[in-house]
Amino acid sequence: MALPVDIGGVLQITKDMQAVRDVPVSVAVLIDDTAPGELAAQVRTDYASTSAKTRVTVNYLDAGYAPGHERDDFAVIVAGDSPDVGRLAREIRDAGVPVMVVTDDAGATAAIAEEAGYPMPHADILSPVKLKGSIQEKVASYIPALRASVDDLTDEGPVALDEETLKLLSQRMGEWVITTCHEKRLTMALSFPFIRRPLANDAISATSLQNAAIGFVPVLPGADMPIMTLNQIKMVLQIATAYGQPIGKESVGELVAVLGGAFLARGIARAGAKLIPFAGWAISGAVGFAATEAMGRAAVEYFEAGGDIVGMAKVLQTARDGAVDAAAKAAASPVGKKVVSKVADSVPGFTKIVTPNKDA
């Protein structure tokens, strides 16, 4: 039986991932000499790169933004108490270069810039402030740029810079980069390790949600499998590329063989739910989400633990099989059926779409 994989699509994805290594990256770092030493040191460490295609220039604030730097992909200002931060950030933006302002006191930095006549976008002011409230955290997890929100900027006083808060700052910077520099974000992650986890999280969330949507409303029975599988392969190869893993024919071939059978268990589960209204589609969507997310998380943990791409397929297979079984059982449960019924009631035309094929 042929695997439900678009081989042409896989080859194109592989080619795109290999090309990432040849894309040049240029970043300018400007340090306010009144900025906390720990803050400047963290930024210097995060933006150190051994990639031959990556150029990072580091200067102090009073050196200004040199002419010709318009080719930079983005700039980083490490802010202290200088009133020149807002002015310099404006000059960099006017040159067409995105700029983040890193600080231990977002409220003070924003106020100083505004008083100097150069207000800055709040989303570009990054500080290691913990978000308040689960709703804000949930929204920010889907829209990383909102992490530097108005509420964050109202916190009083500077943040104590310790291992935990500096790690949070690196996470914020990574989220800003993948949101702002979307076209080069894979190359950025390859150049700067602190961007890898934010990029992987974004890829996992986006691909899992997409596969869930595809699974809930397929055009024809089984037509969703090639699309879901290709999405998963792209996600895994993105994560592998970001973590510096070489993408070769052998490793990709093994990955295709494993993911090509990813939804056979789901198909069996759907067949067992033929007589339950909407349950087949609940299982399809739930498995699409759960299997994709499980494989993505497994890939991240595997690479961060020092694993290489050679043994990745077996790890993904184990994670996928457990997620498929759990998701299928949950979606076919009374609670799962109620959830899908609510979806059917709230989405116009949903019943008409799924009812004719519910026995597939």
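Structural notes, computed from the coordinates.

What counts, and at which threshold
Residues numbered from 1 in each chain as written. Predicted model: local features only at pLDDT ≥ 70, side-chain atom pairs only at ≥ 80, totals over all residues. Heavy atoms only, no water. Helix = DSSP H or I, 4+ residues; strand = E, 2+ residues; numbered from the N terminus. Buried < 20%, exposed > 50% of the residue type's maximum accessible area, 1.4 Å probe, protein only. Contact = heavy atoms within 4.5 Å. Areas by Shrake-Rupley, 256 points an atom, 1.4 Å probe, with all protein chains shown as cover. Core = buried A, V, L, I, M, F, W, Y, C linked by side-chain atoms within 4.5 Å. Salt bridge = Lys/Arg side-chain N within 4 Å of Asp/Glu carboxyl O. Phe/Tyr/Trp six-rings, centres within 6.5 Å; stacked < 30°, edge-to-face > 60°. Pairing = 2+ DSSP bridges. Right-handed = clockwise from strand over helix to strand, strands pointing away. Axes fitted to C-alpha atoms, helices over the stretch in contact; angles between N-to-C directions. Arc of directions from axis to C-beta. 1 Å grid on protein atoms, 1.4 Å probe; cavity = no way out; pocket = protein on both sides within 12 Å on 5 of 7 lines; lining within 4 Å. Points joined across faces, edges and corners; volume = space filled by probe spheres on them. Nonpolar A, V, L, I, M, F, W, Y, C, P; charged D, E, K, R; others polar. Parallel < 35°, antiparallel > 145°, perpendicular 65-115°, else oblique. Left-handed = near helix turned anticlockwise from the far one by under 90°.

### Digging into the overall build of the protein
Thought 1: From N to C terminus, the protein includes 16 helices and 5 strands.
Thought 2: Counting across all 360 residues of the protein, residues that qualify as buried make up 49%.
Thought 3: Considering only intrachain contacts with a sequence separation of at least 6, the fraction spanning at least 24 residues in the protein is 75%.
Thought 4: Here the protein displays about 16,700 Å² of accessible surface, and carbon together with sulfur accounts for 58% of that area.

### Observations regarding the nonpolar core
Thought 1: Counting residues in each nonpolar core, the largest one holds 62 residues, and the members touching the most others are Tyr47, Phe74, Val76, Met100, Ile239 and Met312.
Thought 2: Looking at which element gives the most residues to this core, the answer is helix α10 (residues 224-242), with 7 residues.
Thought 3: Residues in contact with Phe74, not counting those within four places in the same chain, are Ser26, Val27, Ala28, Tyr47, Val97, Pro98, Met100, Trp176, Val177, Cys181 and Met188.
Thought 4: Core analysis: the next-biggest nonpolar cluster, separate from the first, contains 19 residues, Tyr65, Ile77, Val97 and Ala113 among them.

### Regarding the pattern of salt bridges
Any two side chains of opposite charge can pair, on the condition that their charged atoms come close.
Thought 1: Within this structure, the stated rule accounts for 7 salt bridges.
Thought 2: One salt bridge connects Arg185 with Asp202, and the closest N-O pair in it is separated by 2.6 Å. Taken as a pair, Arg185 in helix α8 (residues 185-191) and Asp202 in helix α9 (residues 196-216) lie far apart in primary sequence, 17 residues in all.
Thought 3: Judged by its relative accessible area of 13%, Arg185 falls in the buried class.
Thought 4: Its relative accessible area of 27% is what places Asp202 among the partly exposed residues.
Thought 5: Here the salt bridges share partners, and the residues they tie into one network are Asp84, Arg87 and Glu91.

### As for the packing of aromatic side chains
Thought 1: Per the counting criterion, the structure on display carries 7 aromatic pairs.
Thought 2: Centroid distance Tyr47 to Phe192: 5.3 Å. Interplanar angle 65 degrees. Geometry classified as edge-to-face. Of this pair, Tyr47 sits in the loop between α2 (37-46) and β2 (54-60) while Phe192 sits in the loop between α8 and α9, and the two are 145 residues apart along the sequence.
Thought 3: We classify Phe192 as buried; its relative accessible area is 0%.
Thought 4: Members of the aromatic cluster, each reached through a chain of ring pairs, are Tyr47, Phe74, Trp176, Phe192 and Phe194.

### Some remarks on the pairing of strand β3 (residues 74-78)
Thought 1: For β3, the buried fraction is high: 5 of the 5 residues fall into the buried class.
Thought 2: With burial as the criterion, each face of β3 is covered, one bearing Phe74, Val76 and Val78 and the other bearing Ala75 and Ile77.
Thought 3: Pairing analysis gives 4 bridges linking β3 to strand β4 (residues 99-102), with the strands arranged parallel. Opposite Ile77, over in β4, you have Val101 as the bridge partner.
Thought 4: Taken together, β3, helix α3 (residues 84-94) and β4 constitute a β-α-β crossover, and its handedness is right-handed.

### Quick look at the sheet that holds β4
Within a sheet, neighbouring strands are paired by backbone hydrogen bonds and run either parallel or antiparallel to one another.
Thought 1: Spatially, β2-β1-β3-β4-β5 is the arrangement adopted by the 5 strands of the open sheet, whose pairing is parallel. This sheet does not close on itself; its edge strands, each paired only once, are β2 and β5 (125-126).
Thought 2: Sitting on the sheet, α2 is in contact with β1 (25-31), β2, β3 and β4, with an inclination near 155 degrees to β3.

### Description of helix α4 (residues 106-115)
Thought 1: Considered for burial, the residues of α4 that qualify are Ala106, Gly107, Thr109, Ala110 and Ala113. Taken end-on, α4 shows its buried residues confined to a sector of 165 degrees, consistent with a single buried face.
Thought 2: At the C-terminal side of α4, Gly117 shows a positive phi close to 90 degrees.

### Topic: the layout of surface pockets
Thought 1: Put simply, the second largest pocket is a space of about 300 Å³.
Thought 2: Lining the second largest pocket are 17 residues, and of these Lys167, Ser170, Gln171, Phe194 and Arg197 sit closest to its centre.
Thought 3: Grouping the constituent residues of the lining of the second largest pocket by class yields 7 nonpolar, 4 polar and 6 charged.

### Topic: the pairing of β4
Thought 1: Burial of β4 is two-sided: the residues Val99 and Val101 facing one way and the residues Met100 and Val102 facing the other way are all buried.
Thought 2: Looking at chain direction, β4 and β5 are connected through 2 bridges and run parallel. In the strand pairing of β5, Val101 is matched with Ile125.
Thought 3: With α4 bridging β4 and its parallel neighbour β5, the resulting β-α-β unit is right-handed.

### Description of the packing of α2 against helix α7 (residues 163-180)
Two packed helices can be described by the angle between their axes and the distance between those axes.
Thought 1: Where α2 meets α7, the axes come as close as 11 Å, and the angle between the chain directions of the two elements is 50 degrees. The angle between α2 and α7 places the two elements in the oblique class. In terms of crossing hand, the pair formed by α2 and α7 is right-handed. In contact with Glu38, Leu39, Gln42, Val43 and Asp46 of α2, α7 contributes Leu166, Leu169, Ser170 and Met173.
Thought 2: Of the residues belonging to the contact of α2 with α7, the class tally is 5 nonpolar, 2 polar and 2 charged.

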